[in-house]
Amino acid sequence: APIQISAEQILREAAERQEQHILDPIVKIHDAEEYQSHLRDRRKHFEDNIRYRREHIGNWVKYARFEEDNREFERARSVFERALEVDVRNPELWLRYGELEMRNEFINRARNVLDRGVQLLPRVDFLWYKYVYMEEMVADIPKC
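Residues numbered from 1 in each chain as written. Predicted model: local features only at pLDDT ≥ 70, side-chain atom pairs only at ≥ 80, totals over all residues. Heavy atoms only, no water.

### Digging into the overall build of the protein chain
- Within the protein chain, the regular secondary structure consists of seven helices and zero strands.
- Start at the N end of the protein chain and walk to the C end: the helices and strands fall as α-α-α-α-α-α-α.
- Computed over the C-alpha atoms, the radius of gyration of the protein chain is 22 Å, more than 25% above the 15 Å expected from 2.2 N^0.38 for a compact globule of 144 residues.
- If one aligns the C-alpha atoms of the protein chain with their principal axes, the spans along those axes are about 80 × 50 × 30 Å.
- Total accessible area on the protein chain stands at roughly 10,800 Å², and carbon and sulfur atoms take up 50% of it.
- Averaging the coordinates of the 25 positive side-chain charges in the protein chain and doing the same for the 29 negative ones gives two points 2 Å apart. (Helix = DSSP H or I, 4+ residues; strand = E, 2+ residues; numbered from the N terminus. Rg over C-alpha atoms; globule rule 2.2 N^0.38 Å. Areas by Shrake-Rupley, 256 points an atom, 1.4 Å probe, with all protein chains shown as cover. Lys, Arg positive; Asp, Glu negative; His and termini not counted. Charge placed at Lys NZ, Arg CZ, Asp CG, Glu CD.)

### Structural notes on the environment of Asp48
- Mapping Asp48 onto the fold places it in helix H2 (residues 32–52).
- Sequence separation of Asp48 and Glu19 is 29 residues, and the distance between their C-alpha atoms is 26 Å.
- Of note is the side chain of Asp48, whose polar atom sits 2.8 Å from the side chain of Arg51. (Polar contact = N/O pair within 3.5 Å; in protein donor to acceptor, adjacent residues only side chain to side chain.)

### Examining the packing of helix H5 (residues 91–103) against helix H6 (residues 107–120)
- At a closest axis distance of 8 Å, the pairing of H5 and H6 adopts a crossing angle of 165°. In terms of axis orientation, H5 runs roughly antiparallel to H6. In this structure, the crossing between H5 and H6 has a hand that is left-handed. Contact residues: H5 offers Trp94, Tyr97, Gly98, Glu101 and Met102, while H6 offers Arg109, Ala110, Val113, Leu114, Arg116, Gly117 and Leu120.
- A per-class count over the contact of H5 with H6 returns seven nonpolar, two polar and three charged. (Axes fitted to C-alpha atoms, helices over the stretch in contact; angles between N-to-C directions. Parallel < 35°, antiparallel > 145°, perpendicular 65-115°, else oblique. Left-handed = near helix turned anticlockwise from the far one by under 90°. Contact = heavy atoms within 4.5 Å. Nonpolar A, V, L, I, M, F, W, Y, C, P; charged D, E, K, R; others polar.)

Structural data, given as structure tokens:
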């Protein structure tokens, strides 16, 4: 006779076999030297990820976001510019780059980024939408 398994037993076994999600330890930084060391280690980690999978845009965006979170805007821009060298025709990359500039209120830089994006990819609607949205937010209607 075949063995019958209940739904409860299947769920119990599935729960037992799941791997525990391990979080990274919380890093407590006590002085500027430790902070710089932490930043250096994280940057090395991001650079290694990029070296491993250069074409994966998510790695570039996470790296730029990390730099933005640490108020290192020039580094974040550098990361995006390097990413654009890898895949200049990726509209998501242009959008994220423009959003970085808009979030931090660098309006002219955001205009430049989105302008470059729409010139290169004129048929990508959401780049145009973001560009117009930004101009409406800063009340520069003639540029819309």
